Amino acid sequence: MKTALITGANRGIGLALCKTYLAQGWDVIGVCRNASPELTESGALVVAGVDVTDAQAVARLAERLEGKSIDLLINNAGIFLHEALGSIDYQSLQQQFLVNAEAPLRVTEALLGNLASGAKIAFITSRMGSIADNSSGGYYGYRMSKAALNAAAVSLARDLKPRGIAVAILHPGYVQTAMVNFGGDISADVAAQRLNQRIDGLTLENSGSFWHSNGDLLPW
């Protein structure tokens, strides 16, 4: 039986991904700061109390999972904050960099020993991290942090290819979650199903590519 570890698993896309992989017969490890009733009742192994920006918390996660093989690592945890030019909150920018860019790299590095050849890593990013696709401006911290995440994920794809580990960089779509006040155009369940399809199609040949969950390649 294969094992998937998903961060930010207590709600939204992360919870929907947990349910998707559980329905397919996977063992699922749901990592979060605070467990939700839906996650607790899902059948996943819940590892709560993990702030992915906290080096000690991530180290404890790695210690707890020592010797546990992980076939799929989905770095999903993230935050979305809004800044307007002229009144930018630079602490907000720093927070988004920590959560959206640094933390996924930290988690991935901490769990490298759990990933065997043939394992996959998926980063849930955003097309707002695309420079070529930015036609509306604004959202400085979110755009910058997701662009940084994309850059890190490409480096990981290059560095891990000799180990047989493939990396997906995935935009889920505009999803109806609390992050966007449920203003999206697809449900978290639909997004999870699409992301699952993209991950199924991930190979060493397309590792490091930037995909929309609907299958479109996205520009950098």
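Structure first, text after, so check above.
The model shown is predicted, which means the values in this text are computed figures rather than measured ones. Sequence order as written defines residue numbering, which begins from 1 separately in each chain. Reporting of local features is limited, given that this is a predicted model, to residues whose pLDDT is at least 70; pairs of side-chain atoms are given and counted only at 80 or more, and all residues count toward the totals for whole chains, interfaces and linings. Hydrogens are left out, water is left out, and the side-chain values use all remaining heavy atoms of the structure.

Student: What is the right way to read the packing of helix H3 (residues 55-64) against helix H4 (residues 90-110) from this model?
Tutor: Helix packing geometry: the angle between the two helix axes and the distance between the axes. For the pair H3 and H4, interaxial distance at closest approach is 9 Å and the crossing angle is 30°. Considered as vectors, H3 and H4 are oriented roughly parallel to each other. In this structure, H3 meets H4 at a crossing whose hand is right-handed. Touching Ala-55, Val-58 and Ala-62 of H3 are Arg-106, Val-107 and Ala-110, all from H4. Every angle, taken between N-to-C directions, lies between 0 and 180 degrees, and every axis is a line fitted to C-alpha atoms, over only the stretch in contact when it is a helix. Counting from the N terminus, the helices are the DSSP runs of H or I reaching at least four residues and the strands are the DSSP runs of E reaching at least two. For classification purposes, an angle smaller than 35 degrees is called roughly parallel, one larger than 145 roughly antiparallel, one from 65 to 115 roughly perpendicular, and anything else oblique. For any pair of crossing helices, the crossing counts as left-handed if the nearer helix is rotated counterclockwise from the farther one by less than a right angle, and right-handed if it is rotated clockwise. In what follows, a contact means two residues having at least one pair of non-hydrogen atoms within 4.5 Å.

Student: Can you help me understand the pairing of strand S5 (residues 115-124) in this one?
Tutor: A regular strand carries its side chains on alternate faces of the sheet. The rule is simple: take the accessible area with a 1.4 Å probe, protein chains only, and divide by the maximum for that residue type; under 20% is buried, over 50% is exposed, in between is partly exposed. Of all ten residues making up S5, seven are buried, and the element is well covered by its neighbours. When DSSP finds two or more bridges between a pair of strands, those strands are recorded as paired. Bridge analysis of strand S4 (residues 70-75) against S5 gives five bridges, and the strand direction is parallel. Its bridge partner being in S5, Asn-75 is matched across the sheet by Phe-123. Between the parallel pair S4 and S5, the chain is carried across by H4, and the sense of this crossover is right-handed. Two elements, S5 and strand S6 (residues 166-171), share five bridges in a ladder whose sense is parallel. Within the sheet, the bridge partner assigned to Lys-120 lies in S6 and is Ala-166. Handedness of the S5-helix H5 (residues 140-160)-S6 crossover: right-handed. Orienting the strands away from the viewer, one traces the path from the first strand over the helix to the second; a clockwise path indicates a right-handed crossover.

Student: Honestly, the sheet that holds S6 in this entry has me stumped. Any pointers?
Tutor: Read across the sheet, seven strands follow the order S3-S2-S1-S4-S5-S6-S7 without closing on themselves; strand pairing throughout is parallel. With one partner strand each, in any of the chains shown, strand S3 (45-47) and strand S7 (210-212) form the two edges of the open sheet. For this sheet, the mean angle separating the axes of adjacent strands, direction not counted, is 20°. Pairing of strand S1 (residues 3-7) with strand S2 (residues 27-31) involves five bridges; the strand directions are parallel. Counted as the bridge partner of Thr-3 is Asp-27 from S2. Its contacts with the sheet put H4 on S1, S4 and S5, and the angle it makes with S4 is roughly 165°.

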